Amino acid sequence: MMIEGLTNTPTGPERLKAYEDNWQTEMGAWFPGERVVLRGKDVFSELSNQSWMEFMVFAITGRDMSEFARVIEAMWLISSSFPDPRLWNNRVAALAGTARSTTALAAAAGNAVSEASIYGLRTSRGALDFLQRTEKKLNEGATLEDIIKKELHTYRAIYGYGRPLINIDERIKPLLKFAYSAGYKKNTLLILAFKIHDYFQTTKYKFQINISAIVAAISGDYGLTLNEFNDLAALSFSGGIFPCYIDARNNPEGSLFPLGVERILSTDQTTRTWKSEE
Amino acid sequence: MTDKKALEQITTKIWREEAEPDNPFAAAKSYCAGFDVYGDLLGKVSLIEYLWLLFKLDPPSKAQAHMLEALAVALANPGPRDHSVRGAMNAGVGGSTRASALIAAISIGAGNLGGAREVFVAMQYWQQCGTDLQSWIDIIDSPPQEERSDVWPEMEHTPGFDPNGASCPTPVKQLLDHLTSIEQSEALTWLQTNRQTLEQHAGSPLAFSGVAAATLFALGFEPEQAEMIFLLLRLPGAAVHALEQEKMGWSRYPFFGNGLTLTNDPGPVPNDD
């Protein structure tokens, strides 16, 4: 929001001076020993019956979206909660477990690493971004083929299509089944997402739609902005991260995928001696 | 047991090891870029020279090591008002884990405002514009617009310049003067000469992030390397301020008790007990 009295403040130190000990907000506050307010609502009396995800959706978007909150839970459970320490972000948490670090440090590192490019938060944000941009360009008269060719030419890949390790995405069917059962009705972005998939099958690329595009399309169809979608997804890998940390913590120290010296493949075989400059 | 032939490996140009005869999981010798780390470098090499070697895989010249060391000294403690150090101190006063103090400093100090991402973007400007003043003016006036959205927020100011600054702070000028006195590098001398013109176009003064980007560009680092080096070099201050505040405790640390105004407060809920 724009802050009354501060909207026209100049830049530079004058701006900082205007904000000194002066944080005006509509987001929320704690009234010590009394109450908590979030976005104009009393947390203990008005929000305490909400589920955790309903509360998070309200905290991040400011909107009451109980149906979508239920769909997000399914998105997290089905698409990003694989308790497998071979997956890169989970492995970070598992390494924290095997190295006997703490729960919060493991969770923080695992979630931070989930902001990745070949999977995770960059792909899901990128998928929604691409779908929204494509929808806009189609409305402006561009053809799907031109849009996709230009995107591939510029970025060489399109978020939401194709997948590392394997091409098929086993998560799509169960997630769609749940979303429909929760009340989601197929809307413009999901229809577009599948149109893009169908287009790829007519080209040499044969990229398959992956779960990022599905999750992004459904979220976009519920009216989420890019930032809202990204903020809500930030902890979505937690369901896989915690089990991997716990499992490694419960096994002998250092036992997770130990690496011997021979597991290092050095491409530099030279040996030389350091000569300090005089 | 895994079939030995099928063992996956980590491929690296940086590091080579020889195993201890009694333990395949322990290294008897470790080589960095061909140098025996514990048998040769130890006792000969300074920390800055070793840092350079790790990134560049070749030893620095004397002037290069001096420049990187000067930058390291300048960045080591941004001071307790800096956002990243404040993050670390918040961990300290709350009795959080020491690691979380540095995670806080890194997470905050990674950003577009005075942080490592700003250095990364500024380095891209250097790569694009070099020492061509008109190119700099053009890029400042019309910053590159990425069509695709990313997890990083968009830059809200010219990278390397402080949108909340007035004139160029004395320490920033002192650092730039000192660096150019070590070696007349083209980029740094050019920056010194054209600083005020650039500041006029940016509408804000040169910042430490800008000098760091120019220095690391002059030293031939890539933007990705510069982002990492900037994150590393600013951690000592975060560490010591976190430890100091941990000992002092929360009651001697600002809480901004009267600093927050809730503009849409619904007020106390009537007690229906």
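Cut-offs applied
- Residues numbered from 1 in each chain as written.
- Chains lettered and ligands numbered in written order.
- Predicted model: local features only at pLDDT ≥ 70, side-chain atom pairs only at ≥ 80, totals over all residues.
- Heavy atoms only, no water.
- Domains from an automatic or database assignment.
- Buried area = accessible area lost by both parts, 1.4 Å probe.
- Salt bridge = Lys/Arg side-chain N within 4 Å of Asp/Glu carboxyl O.
- Polar contact = N/O pair within 3.5 Å; in protein donor to acceptor, adjacent residues only side chain to side chain.
- Nonpolar A, V, L, I, M, F, W, Y, C, P; charged D, E, K, R; others polar.
- Phe/Tyr/Trp six-rings, centres within 6.5 Å; stacked < 30°, edge-to-face > 60°.
- Helix = DSSP H or I, 4+ residues; strand = E, 2+ residues; numbered from the N terminus.
- Buried < 20%, exposed > 50% of the residue type's maximum accessible area, 1.4 Å probe, protein only.
- Pairing = 2+ DSSP bridges.
- Contact = heavy atoms within 4.5 Å.

What follows deals with the domain arrangement of chain B. You'll often see interface size given as the accessible area lost when the parts meet. All names here are of chain B. Domain assignment breaks chain B into domain 1 (12-60) and domain 2 (63-141 + 157-251). Contact with domain 2 buries area across many residues of domain 1, yet I48, W52 and F55 alone supply 64% of it, more than any other trio. The interface formed by domain 1 and domain 2 includes 0 salt bridges. Along the contact surface separating domain 1 from domain 2 lie 3 residue pairs in polar contact (both at pLDDT 80 or more). Among the residues making up the side of domain 1 that touches domain 2, the classes are represented as 5 nonpolar, no polar and 2 charged.

A few words on the packing of aromatic side chains. By the definition in use, this model includes 19 aromatic pairs over all chains. Relative to Y205 of chain A, the ring of F200 of chain A lies with its centre 6.5 Å away and its plane at 90°, an arrangement referred to as edge-to-face. Measuring from centroid to centroid gives 6.3 Å for F55 of chain B and F221 of chain B, while their planes differ by 80°, and the two rings are edge-to-face. Note that F55 of chain B is positioned in helix α2 (residues 47-56) and F221 of chain B in the loop between α10 (208-218) and α11 (223-233), a separation of 166 residues in sequence. By relative accessible area, F55 of chain B is classed as partly exposed at 23%. A relative accessible area of 3% places F221 of chain B in the buried class.

When the charged atoms of two side chains lie near each other, side chains of opposite charge can form a pair. The tally for this structure, following the rule as stated, stands at 23 salt bridges over all chains. With a shortest N-O distance of 3.5 Å, D82 of chain B and R234 of chain B are connected by a salt bridge. Placement of D82 of chain B in the loop between α3 (62-76) and α4 (83-93) and of R234 of chain B in the loop between α11 and α12 (235-248) is noted, with a sequence separation of 152 residues between them. Connected through salt bridges with shared partners, the residues D129, R133, K137, K150 and E151 of chain A together with E147 of chain B form a single ionic network.

The next point concerns the sheet that holds strand β2 (residues 28-31) of chain A. Residues and elements named next belong to chain A. Taken together, 3 strands build an open sheet; the order of strands is β2-β3-β4 and the sheet is antiparallel. Of all strands in the sheet, those bounded by a partner on one side alone are β2 and β4 (41-42). Relative to β4, strand β3 (residues 35-38) runs antiparallel, the two sharing 2 bridges. From the neighbouring strand, L38 faces β4, where its bridge partner is K41.

Right, let's get into the interface of chain B and chain A. Facing 63 residues of chain B, the contacting portion of chain A comprises 59 residues. By the criterion of area lost to chain A, the three top residues of chain B are E147, R148 and V151 of chain B, representing 14% of everything that side buries. The interface formed by chain B and chain A holds 6 salt bridges in total. D58 of chain B is the partner of R272 of chain A in a salt bridge, and the nearest nitrogen-oxygen pair spans 2.9 Å. Linking chain B with chain A are 34 residue pairs in polar contact (both at pLDDT 80 or more). For the side of chain B that touches chain A, the elements supplying multiple residues, two or more each, are β1 (10-12), β2 (15-20), β3 (23-32), β4 (35-36), α1 (37-41), α2, α5 (98-109) and β5 (260-262) of chain B. Here the residues of the side of chain B that touches chain A sort into 30 nonpolar, 16 polar and 17 charged.

Residue and element names in this part refer to chain B. The strand order across the open sheet built from 3 strands is β2-β3-β4, with neighbouring strands paired in antiparallel fashion. Edge positions in the sheet fall to β2 and β4, since each of these pairs with one other strand and no more. Pairing analysis gives 6 bridges linking β2 to β3, with the strands arranged antiparallel. Bridge pairing in β3 links R16 to Y31.

All names here are of chain A. Split by domain assignment, chain A resolves into domain 1 (28-64) and domain 2 (121-233). Across the boundary between the two partners, domain 1 contributes 5 residues, which contact 5 residues of domain 2. Across the domain 1 to domain 2 interface the summed buried area is about 420 Å²; carbon plus sulfur atoms make up 67%. Contact with domain 2 buries surface across domain 1, with I60, T61 and R63 losing the most and accounting together for 85% of the total. Across the domain 1-domain 2 interface, the total number found is 1 salt bridge. Across the pair E228 and R63 runs a salt bridge, and its minimum N-O distance is 3.0 Å. Classifying every residue of the side of domain 1 that touches domain 2 by side-chain character gives 3 nonpolar, 1 polar and 1 charged.

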